[in-house]
Amino acid sequence: MLDGWFLWFILFWVVVLVSMMSIGGFFMFRKFLKRMPKNDGKSDMDWEEYYVGMTKKLWPQQQKELLEDLVSPVPELFRDVARQKIAGKIGELAIKEKAPMITEDIVIRGYIMATPKRDHKFLRKKLLERKVNLHTYENLFN
């Protein structure tokens, strides 16, 4: 039978591995739910890809750089997912408004709408660093 330090070593690794698998499973399940088709037959991720694809030619370089700057506070591990979600929302706004090109206003509005409320504090800080007038976007924060 196991006893002494080896028992504690094995128990420690069991707890660590179960914890890591639980955390990974949680994120995999969230991704699975985003891929589930809705009533219209498309999932949230399908719509994001659709809007990004439809508006790919409308993005000037300056707005791409703005998006990269706004996404920079997001941890590297999640940055691609965040960029895709935000670009999808920006594309959706551009298509609904029939915009001839993506403007700074559309990027900021899409970014605010795609960002969870818990991250609005960081978003406000980033926009203030860029000297953006937040009063015009105050209704989107609420």
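Residues numbered from 1 in each chain as written. Predicted model: local features only at pLDDT ≥ 70, side-chain atom pairs only at ≥ 80, totals over all residues. Heavy atoms only, no water.

Colleague: I'd like a description of the pattern of salt bridges, backed by residues and values.
Modeller: Going through the model one piece at a time under the given rule, you end up with 15 salt bridges. In this structure, Glu68 and Arg83 form a salt bridge, with 2.6 Å as the shortest nitrogen-oxygen distance. Of this pair, Glu68 sits in helix α3 (residues 61-71) while Arg83 sits in helix α4 (residues 76-97), and the two are 15 residues apart along the sequence. Using a relative accessible area of 22% as the deciding quantity, one classes Arg83 as partly exposed. Arg130 serves as the salt-bridge partner of Asp69, at 2.8 Å between the closest nitrogen and oxygen. Here Asp69, found in helix α3, pairs with Arg130, found in the loop between α6 (120-129) and α7 (138-141); they are 61 residues apart in sequence, far enough to count as distant. Here the residues in one salt-bridge network are Asp69, Lys126, Glu129 and Arg130, joined through shared partners. (Salt bridge = Lys/Arg side-chain N within 4 Å of Asp/Glu carboxyl O. Helix = DSSP H or I, 4+ residues; strand = E, 2+ residues; numbered from the N terminus. Buried < 20%, exposed > 50% of the residue type's maximum accessible area, 1.4 Å probe, protein only.)

Colleague: Describe a nonpolar patch on the surface, with residues and values.
Modeller: Residues Trp5, Phe6, Phe9, Ile10, Phe12, Trp13, Val14, Leu17, Val18 and Met21 make up a contiguous nonpolar surface patch of roughly 1000 Å² in combined accessible area. Among the structural elements, Trp13 can be located in helix α1 (residues 5-35). (Patch = residues over 30% accessible without salt bridge, like charges linked within 9 Å, V, L, I, M, F, W, Y side chains within 5 Å. Areas by Shrake-Rupley, 256 points an atom, 1.4 Å probe, with all protein chains shown as cover.)

Colleague: So what's going on with the environment of Val132? Residues and values would help.
Modeller: Topologically, Val132 is positioned in the loop between α6 and α7. Overall, the relative accessible area of 10% leaves Val132 in the buried class. Residues Val132 and Gly41 lie 91 residues apart in sequence; the distance between their C-alpha atoms is 38 Å. Contact partners of Val132, with chain neighbours within four places excluded, come to Glu104, Ile108, Leu127 and Tyr137. (Contact = heavy atoms within 4.5 Å.)

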